[in-house]
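Each chain, written out:
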Amino acid sequence: MGRLEEKPNFFDLTRDDLARILEDMGEPKYRANQIWEGVYKHLWGDPTDFYPIPKKLRDFLLEAFRFHSLDVVQSLQSKDHKSEKLLFRTNHGDHIESVLMVYRERRTLCISSQSGCPVGCVFCATGQMGFISNLSSGVIIEQVIHSARILKAINDRLTNIVIMGMGEPFLNYDATMSAIHTLNDPGGFGMSERRYTISTVGIIPGIQRFTRDHSQVNLAVSLHAPNDSLRNQLIPTNKKFPVKDLIAVCREYIETTRRRITFEYALINDVNDTVDLARELSLLLKGLLCHVNLIQLNPSDHYRKNGSDLTKAKSFLGVLQKSGIPATLRLRMGLDIKAGCGQLAYRDSLLKQ
Ligand code: SAH
Ligand code: SF4
């Protein structure tokens, strides 16, 4: 079936859209809430199984909408069983990945906002695969619903969602925010905005819009270098959105929303991990309501650098902490299944393993 003829995705609908459609059909008012609650709270699957709904309406839903846009192509579990990577193919044939991480009482799902990514950071496997497509809000939601169903089957549930999978969410702003808005609905999936974190490479207009939206979603900014000469080498968009301008909009965000920003910093051996750079970073962030998340770079095929060793990572951390910058060294998870940050890249070879 060509793109033009395809059915609309049910998960692209807002609750108001659904209410309007059913009202036009002469259905009673409570019906939209009943279906919404069924799909988002009870995680109903196919409309043929929507038993509380009259058959005629089930048949209509089945005929009118797509309830399934993602096929699981592969699922890989890490040896310690703490992370599971899911490779999906969308109904358009594009590949995306999400990662479910279990850590103590947390069940965190890392989801994709795009297939591939147009930014092309040198250290990131997704960036190296190029841009394939923007995901619709429905497809972003379906990644969440898929893992929520897996957890429900074992009487468990998601606690957090991070938009740190494939892609740059602020280059697909509307779809990403609308997915969160739908999932936030207390009469449906009911995961409140405070449980999400959006990570951006520093797309300035996106941060400004996010500031105006006064969203309760947490914001993370991938910094990785405290000055332009180094950041330009790592992150191509830094030429358009340089460090000083980026920090200025971050300051505006903090002042307007009174919310803290997390700065992500992947430590790359002999590239951005010196004590001098730690001092420069401390100066740059001085006085900002923020937290620095350090992570040792995860290996990726196209970038022949290593993550800093633990000794160097700890001394970088020490400099920040001594300067009064709140910082932590983050755990690395899922490395054996290439499910760590920046390792998500669809490759044919994966399927041949
Ligand atoms: N595009 C967004 C979100 C997806 S990337 C962004 O860049 O923020 C999610 C996180 O993984 C970002 O902080 C990114 O800088 C980081 N990352 C990318 N490649 C990495 C690697 N090889 N090792 C560790 N972190 C990496
Ligand atoms: Fe895109 Fe983020 Fe990877 Fe950079 S780090 S290429 S912005 S996904």
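Quick note: structure is the one above.
A short tour of the structure in this document, coming up. None of the values given here were measured: they were computed from a predicted structure.

1. Quick look at the pairing of strand S1 (residues 70-77)
Next, step 1: In the sheet, S1 pairs with strand S2 (residues 83-90) via 7 bridges, with the strands oriented antiparallel. Residue Asp71 lies in a different strand from S2, and its bridge partner there is Arg89.
Next, step 2: Between S1 and S2, which follow one another and run antiparallel, lie 5 residues, and His81 among them has a positive phi close to 60°.

2. Focus: the site of ligand 2
Next, step 1: Neighbouring ligand 2 are the residues Cys117, Val119, Gly120, Cys121, Cys124, Gly127, Gly167 and Val201.
Next, step 2: By residue class, the composition of the shell around ligand 2 is 5 nonpolar, 3 polar and no charged.

3. Side note on the pattern of salt bridges
Next, step 1: All told, the structure shown has 12 salt bridges when counted by the stated rule.
Next, step 2: For Lys312, the salt bridge goes to Asp270, with nearest N and O atoms at 2.7 Å. With Lys312 in helix H11 (residues 310-322) and Asp270 in the loop between strand S10 (261-267) and helix H10 (275-285), the pair connects residues that are 42 residues apart, well separated along the chain.
Next, step 3: In this structure Lys312 comes out as partly exposed when scored by relative accessible area, which is 24%.
Next, step 4: A relative accessible area of 61% means that Asp270 is categorised as exposed.

How each quantity is defined
Residues numbered from 1 in each chain as written. Chains lettered and ligands numbered in written order. Predicted model: local features only at pLDDT ≥ 70, side-chain atom pairs only at ≥ 80, totals over all residues. Heavy atoms only, no water. Pairing = 2+ DSSP bridges. Helix = DSSP H or I, 4+ residues; strand = E, 2+ residues; numbered from the N terminus. Near = heavy atom within 4 Å. Nonpolar A, V, L, I, M, F, W, Y, C, P; charged D, E, K, R; others polar. Salt bridge = Lys/Arg side-chain N within 4 Å of Asp/Glu carboxyl O. Buried < 20%, exposed > 50% of the residue type's maximum accessible area, 1.4 Å probe, protein only.

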